[in-house]
There are 2 protein chains.
Amino acid sequence: MAEKVVECVPNFSEGRNKDVMDAIASAIKATDDVKLLDYSGDPDHNRSVYTFVGKPEAVVKAAFNACKVAVQLIDMSKHTGEHPRMGAADVVPFIPISNVSVQECVQLAKRLGELIGKELFVPVYLYGYAATRLERVDLSEIRKGQYEGFFDKIKSPQWTPDFGPSEVNVKSGVTAVGVRKPLIAFNVNLNTDDIKIARQIARAVRNISGGLRGVKALGMKLNKSGMVQVSMNLVDYENTPIYRALELIKVEAKRYGVSVVSTEIVGLVPLKAIVDSAKYYMQLDNFDESKILETRLYE
Amino acid sequence: MAEKVVECVPNFSEGRNKDVMDAIASAIKATDDVKLLDYSGDPDHNRSVYTFVGKPEAVVKAAFNACKVAVQLIDMSKHTGEHPRMGAADVVPFIPISNVSVQECVQLAKRLGELIGKELFVPVYLYGYAATRLERVDLSEIRKGQYEGFFDKIKSPQWTPDFGPSEVNVKSGVTAVGVRKPLIAFNVNLNTDDIKIARQIARAVRNISGGLRGVKALGMKLNKSGMVQVSMNLVDYENTPIYRALELIKVEAKRYGVSVVSTEIVGLVPLKAIVDSAKYYMQLDNFDESKILETRLYE
């Protein structure tokens, strides 16, 4: 059995004080079997994002350690910032990367939720694939009203927290813990400077306007190169793989006599996403990540 | 810096006695920072093959430990078998897998060669990319005459060993230590049962008859499916990538109104080989293995 890998990308309500952000990073780094890949803060949003990966249990531990530091050092009653927020530890998503199911990540989210509720005295809402009610699937639904609004919102039976106290923690607010799939930022550049064409194609391929289920897309102008781009988020690469989005863009581009010049993936991508597309184009039978030598090294 | 990974695939002149084969395997497994992926023996050839991977220094150590056991337990003066052979530790190739150059592997081969020569008293010839003379690049040139012939061959100045004694070790023969690139076994199935077409295409794509530099190819009949296959070894996937061989086969197949039904990779493949082909088909800019999340886990 190859190793299980879970990713966690928590957001904390501090994007200005470097000491606080570094203290949260240290809490993650100090946890065994976890690797902090990146973190950064945005002063306008007054918010920071951390990306770390590791074994399932270790990722829960690191997430809890980070939340603990955030709850100690951040005071939500004094927090301002442009980005909507509701807690010091604002949102903690678990993301299945390798050899881990969404259901296993849901268990991790519940374990973390329980810990945050019991030990940090912060109300917790489960969201995404971990949601316990339909209206809690979408994070923005939970976050409506933000920190300030939650003092009332939490009293409604519909918004009883999944874990922790039934009143807002004045210093720390409330926290959303959930599960989502990895998101792939995939951009396709076209040999035209006509933004209307990029927009038409984006409309054709994205879910909301009749396209592929797992695709969000926008048409954009690339000022440097004089090309236009279909900029996508693939939100479920296992059911809507990269190649399908790309090939559909080619099909639509043909309508305008336009073709694909190049593509790019922004940020990191799970191995399976690349393997799935390689398999399609190479017509490979009986192939998966386990046939890649490097994946055997750390079994 | 991502971790350095070297593969080693030594062949020993024992394919019948399970105790001896297991003892060699144990010597590899007992070495830290090395992982034995596979081993198997062939009774007709009376020969066994081991595949292991690990950090450069560790792979040298494991290879030496394995050779030591082979030299102790195998007696070449009594060896018979169909496969050409010249020593108990017959041939030890190092193969660069990740973040390691061919030149670094040549240094590893020289270190192992010196150890085998000095400590096991076995003459060693460097071959492949590690060869010190043109006529030693090709393993089959070195092996000509086999164990029995080496008692004379070694006396010729042209065949003075690179390391170790200048006389054959009667019990252990001589050993070839070298460096080669990873070999990818890639098969392409065609929607025809006409073996002549597979043979024509094989001839067109392989190096020896005018095709691609890094390709060896044969036309084969697949009895089960009624299809034919172009069966290839890609011996230098960095300079002759998988996609180029596949696309050239499609070009040649068109000539006969034939198309590709499916492909397969036999055994393991380096990540870079899949990434390179995915990049080609997806027209991906600025992408390499470091953009794959899993490769960040073990940096």
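Residues numbered from 1 in each chain as written. Chains lettered and ligands numbered in written order. Predicted model: local features only at pLDDT ≥ 70, side-chain atom pairs only at ≥ 80, totals over all residues.

> It is not clear to me how the overall build of chain A should be interpreted in this structure. Could you clarify?
A count of helices and strands for chain A gives eight helices and 11 strands. Expressed along its principal axes, the backbone C-alpha trace of chain A runs to roughly 60 × 45 × 40 Å. Sorting the 299 residues of chain A into buried and exposed places 49% on the buried side. For chain A, contacts bridging at least 24 residues in sequence account for 70% of all contacts bridging at least 6. (Helix = DSSP H or I, 4+ residues; strand = E, 2+ residues; numbered from the N terminus. Buried ≥ 20, exposed ≤ 12 C-beta atoms within 10 Å, placed from the backbone. Contact = placed C-beta atoms within 7 Å.)

> Just checking my understanding: could you explain the sheet that holds strand β11 (residues 260-266) of chain B for this structure?
Strands pair in a sheet through their backbones, by hydrogen bonds, and they do so in one of two ways: parallel or antiparallel. Residues and elements named next belong to chain B. Taken in spatial order, the four strands of this open sheet run β9-β10-β8-β11, and their pairing is antiparallel. Of all the strands in the sheet, the pair left with one neighbour each is β9 (215-222) and β11. In this sheet, adjacent strand axes meet at a mean angle of 20° when their direction is disregarded. Relative to strand β10 (residues 227-234), strand β8 (residues 184-190) runs antiparallel, the two being bridged by seven bridges. What sits directly across from Leu190, in β10, is Val228. Packing of helix α7 (residues 242-254) onto the sheet brings it into contact with β8, β9, β10 and β11, and relative to β8 it is tilted by some 25°. (Pairing = 2+ DSSP bridges. Axes fitted to C-alpha atoms, helices over the stretch in contact; angles between N-to-C directions.)

> Is there a simple way to explain the interface of chain B and chain A in this structure?
For interface size, the figure often reported is the accessible area lost on association. With 35 residues of chain B in contact, the opposing surface of chain A contributes 35 residues. For the side of chain B that touches chain A, the element with the highest residue contribution is helix α8 (residues 271-282) of chain B, accounting for seven residues. Taken together, the residues of the side of chain B that touches chain A break down into 23 nonpolar, six polar and six charged. (Nonpolar A, V, L, I, M, F, W, Y, C, P; charged D, E, K, R; others polar.)

> Could you clarify how one ought to interpret the relation of the copies chain B and chain A in this entry?
Related by rotation about an axis and a shift along that axis, the two copies of the chain form a pair. Overlay of chain B on chain A (RMSD 0.2 Å): rotation 180°, translation along the axis 0.0 Å. The transformation relating the two chain copies, once decomposed into turn and shift, fits a two-fold axis. No C-alpha of chain B approaches the rotation axis more nearly than that of Ala278 of chain B, which lies at 2.4 Å. (Least-squares fit on C-alpha atoms with pLDDT ≥ 70 in both.)

> Looking at this model, I keep getting lost on the packing of helix α8 (residues 271-282) of chain A against α8 of chain B. Mind explaining?
Axis angle and axis distance: for two packed helices, these are the angle between their axes and the distance between the axes, and together they describe the pair. Where α8 of chain A meets α8 of chain B, the axes come as close as 9 Å, and the angle between the chain directions of the two elements is 70°. In terms of orientation, α8 of chain A and α8 of chain B fall into the roughly perpendicular class. For the crossing formed where α8 of chain A meets α8 of chain B, the hand is left-handed. For the pair formed by α8 of chain A and α8 of chain B, the contact residues are Ile274, Val275, Ser277, Ala278, Tyr281 and Met282 of chain A on the first element and Ile274, Val275, Ser277, Ala278, Tyr281 and Met282 of chain B on the second. Of the residues that constitute the contact of α8 of chain A with α8 of chain B, the class distribution is 10 nonpolar, two polar and no charged. (Parallel < 35°, antiparallel > 145°, perpendicular 65-115°, else oblique. Left-handed = near helix turned anticlockwise from the far one by under 90°.)

> Sorry, what's going on with α8 of chain B here?
An α-helix turns once every 3.6 residues. As a result, residues three or four positions apart point the same way. Taking 1.5 Å per residue, 12 residues should reach 16 Å; α8 of chain B reaches 16 Å between its end C-alpha atoms and fits that length. Looking at the buried positions of α8 of chain B, the neighbouring elements they touch are α7 (242-254), β11 (260-266) and α8 of chain A together with β8 and α7 of chain B. (Expected span 1.5 Å × (residues − 1).)

> Mind showing me how you'd approach the nonpolar core here?
Nonpolar side chains tend to gather and get buried jointly when the protein is soluble and globular. Ranked by internal contacts, the top residues of the largest apolar core, which has 190 residues, are Val6 of chain A together with Val6 of chain B. Ignoring any residue separated from it by four or fewer positions in sequence, one finds Val6 of chain B in contact with Val53, Gly54, Pro56, Val59, Phe94, Ile95, Pro96, Ile97, Val100, Cys105 and Leu108 of chain B. (Core = buried A, V, L, I, M, F, W, Y, C linked by C-beta atoms within 7 Å.)

> Sorry, what's going on with the sheet that holds strand β10 (residues 227-234) of chain A here?
Residue and element names in this part refer to chain A. With respect to topology, four strands assemble into an open sheet ordered β9-β10-β8-β11, the strand pairing being antiparallel. Each edge of the open sheet is held by one strand with a lone partner, namely β9 (215-222) and β11. When the angles between neighbouring strand axes are averaged without regard to direction, this sheet yields 20°.

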